[in-house]
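# An overview of the molecular structure
What follows is each chain in one-letter form.
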Amino acid sequence: PTARLTIDPHFSVGRIDRRVFGGFVEHLGRHVYDGIYEPGHPTADPDGFRQDVIDLVKELGVSTIRYPGGNFVSGFRWEDSVGPRDERPRRLDLAWHSTETNEVGLHEFDDWLAKVGSDLMLAVNLGTRGTLEALDLLEYTNISGGTTLSQQRIDNGKADAFGVKMWCLGNEMDGPWQLGHRSADDYGKIASQTAKAMRQLDPSVELVVCGSSSAHMPTFGEWERVVLTHTYDDVDYISCHAYYEEKNGDLGSFLASAVDMDRFIETVVATADHVKAVVGSAKTIDISFDEWNVWYIDRFHGVDKIEGIDNWPVAPRLLEDVYSVADAVVFGNLMISLLRHADRVRSASLAQLVNVIAPIMTEPGGPAWRQTTFFPFSITSRLARGEALQLKLDAPTYSTAEYGEVPLVDAVATHDADSGASAVFLVNRSQTEPVTLTIDIASLGDISVLESHLIADDDVYAKNTLDERERVTLQTNDTATIAGGELTITLPPVSWTALSLG
Ligand code: AHR
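Residues numbered from 1 in each chain as written. Predicted model: local features only at pLDDT ≥ 70, side-chain atom pairs only at ≥ 80, totals over all residues.

Okay, the overall build of the chain next. The helix and strand inventory of the chain stands at 11 helices and 23 strands. Relative to the compact-globule value of 23 Å for 502 residues, the chain shows a C-alpha radius of gyration of 23 Å, a close match. Projected onto its principal axes, the C-alpha coordinates of the chain cover approximately 70 × 60 × 45 Å. Across the chain, every contact between residues at least 6 apart in sequence was considered, and the portion connecting residues at least 24 apart equals 77%. (Helix = DSSP H or I, 4+ residues; strand = E, 2+ residues; numbered from the N terminus. Rg over C-alpha atoms; globule rule 2.2 N^0.38 Å. Contact = placed C-beta atoms within 7 Å.)

Structure (structure tokens):
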């Protein structure tokens, strides 16, 4: 098959917010303990953080990191996680049926963020707690001094305020699994009250109200309408969460997961803009896609479940999905979807970062390594700069059980006017055929290919494991040729390609 693409830097979708390359660290499984923090590890720094993990997180290129959950946050008492370590309580974490030791808390996590060069994004507990506790936390983090809570922070070793800008008003409050799960009406009211109070304390905060846990929730659409009707004037963003997995051997549908993400984003935008019209606001609500990834959730519901009144392990192995080449191709395609909506998706968090549905894996006392999904994230985060562009793409289609007829090829391009650099990200969803793609690049001027990266393999289920940590690595796609204002490139079956042009 052949396909055609036209790139023109004059047609911009919107400026890419660096926050779109965010991550997410939840106190869950071996994410924090035996993941980012392992004092006995040979690479551990004086604070007990693994240097090999810090190096990989830096290489990944993560902007903002959402913390500390997730489902975890809905049972979390933030006060437990500050103050002298030996006095911190051990608590039951009901979300993951584990014990939280609080050995790593707000201050330690902030120290780690400084090491990896990322910004903190916090979630408040609106499941089992409310406005007052959210205000206390905000006072602790953002008031420079002169009050009991800000003084406590200073006494705990942090003289300057944390100055946290982005805040999530709870987590997945539409989900029946969530501690303190509420109706849209009930949640909308408490979210509005909490948001108003938080802004009274610090008008500079940016607030994210909970949208749907997936576009397939029974309340999807109506949840957004009702919640935004309560909170439109009080918040800046509404969240989207989405996880994808290959189900029942249907690789064709799985490879088209980004079609679902596109529809999800566009439906939430439409709903937010509907509420905007109804409430007569001049403000536009954007999207924080603050959980997205490939996740084999069915596996979690089967094998991983921890049960028992006397069985609350510390840092158990949970959600340790091992990702394949096909997973990485879908993952790269999800990033394409986020970027092509750069006008409205202003923030996003890859869920998650280390060990737990993560691009980075570790073994206690042993190595850390890159999963297949590491590569599309690190390359896209590094190359996608400036504006996302509107594209003209003509590609053949194929039939999927989940999403009907979908294009065989997907693409997004970016252009940075300051540096003159452009980048193109491409996916071939065909399971059998290479696609020859011709890209009209005449309007980019006299350019050449600076970098070309490829994820593909004869075995689309090839993975990196502890025993074979570099089975799948980034390759180059050397098929690109440029002539007469056109770039021609071959995209292998089930592949993800990134080109940097300049
Ligand atoms: O990322 C894993 C879990 O997925 C999060 O805790 C929750 O918010 C979502 O359901």
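Moving on from the coordinates now.
The subject of this paragraph is the sheet that holds strand 23 (residues 495-501). Reading across the sheet, the 9 strands line up as 20-23-18-17-14-1-19-22-21 and stay open at both edges, with mixed pairing between neighbours. The open sheet has two edge strands with one neighbour each: strand 20 (449-455) and strand 21 (481-483). On average, adjacent strands in this sheet sit at an angle of 25° to one another, irrespective of strand direction. With 7 bridges joining them, strand 17 (residues 409-415) and strand 18 (residues 422-428) adopt antiparallel strand pairing. Looking at strand 18, one finds that H415 is bridged to S422. Most of the contacts of helix 11 (residues 374-383) go to strand 23, to which it runs at about 20°, and overall it touches strand 18, strand 20 and strand 23. (Pairing = 2+ DSSP bridges. Axes fitted to C-alpha atoms, helices over the stretch in contact; angles between N-to-C directions.)

A few words on the domain arrangement of the chain. Interface size, as often reported, equals the accessible area lost upon joining of the parts. Domain boundaries in the chain define domain 1 (2-9 + 388-501) and domain 2 (17-383). Its C-alpha centre places domain 1 at a distance of 30 Å from the equivalent point of domain 2. Contact residues are listed per partner, giving 35 residues for domain 1 and 33 residues for domain 2. Every element with two or more residues in the side of domain 1 that touches domain 2 is listed here: strand 15 (397-400), strand 17, strand 18, strand 20 and strand 23. (Domains from an automatic or database assignment.)

This part is about the sheet that holds strand 11 (residues 345-351). An order of 2-3-6-7-8-9-10-11 is seen for the 8 strands of this closed barrel, with the pairing classed as parallel. In this sheet, adjacent strand axes meet at a mean angle of 30° when their direction is disregarded. Examined bridge by bridge, strand 3 (residues 64-67) and strand 6 (residues 119-124) share 4 bridges and lie parallel to one another. Each bridged residue has a counterpart across the sheet, and for R66 the counterpart in strand 6 is M121. In the packing of helix 8 (residues 257-279) onto the sheet, the strands contacted are strand 9 (237-244), strand 10 (286-294) and strand 11, and the crossing angle to strand 9 comes to about 160°.

Before going further, it helps to examine the packing of helix 6 (residues 222-231) against helix 8. Taken N-terminus to C-terminus, the directions of helix 6 and helix 8 make an angle of 40°; their axes are 9 Å apart at the nearest point. As far as their axial angle goes, helix 8 and helix 6 are oblique. Where helix 6 crosses over helix 8, the two elements pack in a sense that is right-handed. Only V268, T271, A272, H274, V275 and V279 of helix 8 make contact with helix 6, whose side of the interface consists of E224, R225, L228 and T229. Across the contact of helix 6 with helix 8, the residue classes break down as 5 nonpolar, 3 polar and 2 charged. (Parallel < 35°, antiparallel > 145°, perpendicular 65-115°, else oblique. Left-handed = near helix turned anticlockwise from the far one by under 90°. Nonpolar A, V, L, I, M, F, W, Y, C, P; charged D, E, K, R; others polar.)

In this section: the nonpolar core. W167, L169, V329, I360 and V424 are the most contacted members of the largest nonpolar core, which totals 152 residues. Of the residues forming this core, the biggest block, 11 residues, is contributed by helix 10 (residues 325-340). The residue makeup of this core includes at least three contributed by each of domain 1 (2-9 + 388-501) and domain 2 (17-383). Other than its neighbours up to four places away in sequence, W167 contacts L122, V124, M198, V205, L207 and V208. (Core = buried A, V, L, I, M, F, W, Y, C linked by C-beta atoms within 7 Å. Buried ≥ 20, exposed ≤ 12 C-beta atoms within 10 Å, placed from the backbone.)

Examined against the element boundaries, K392 turns out to sit in strand 14 (residues 387-394). You can call K392 exposed: it has 11 C-beta atoms within 10 Å. Residues K392 and R317, 75 residues apart in the sequence, show an inter-C-alpha distance of 45 Å. Excluding anything up to four places from it in sequence, K392 contacts L5 and T6.

Another point: the packing of helix 5 (residues 184-201) against helix 6. For the pair helix 5 and helix 6, interaxial distance at closest approach is 8 Å and the crossing angle is 35°. The two elements helix 5 and helix 6 cross, and the hand of that crossing is right-handed. For the pair helix 5 and helix 6, the contacting residues are A184, D185, Y187, G188, K189, A191, S192 and A195 in the first and E222, W223, V226, V227, T229, H230 and T231 in the second.

Let us now look at the confidence of the model for the chain. Averaged over all residues, the pLDDT of the chain equals 97, while 99% of them reach at least 70. The ipTM value of the predicted complex is 0.99, and its pTM value is 0.98. (pLDDT = per-residue confidence, 0-100.)

In this section: unusual backbone geometry. Of the consecutive residues Y67 and P68, the connecting peptide bond is found in the cis state with omega at 0°. The residue P68 is located in the loop between strand 3 and strand 4 (91-93) in this model. For the peptide bond that leads from A351 to Q352, omega is 5°, which places it in the cis range. Take Q352: it is sitting in the loop between strand 11 and strand 12 (360-362). You will see that E172, though not glycine, has its phi angle at about 40°, which is positive. Relative to the helices and strands, E172 is located in the loop between strand 7 (166-169) and helix 5. You can call E172 buried: it has 25 C-beta atoms within 10 Å.

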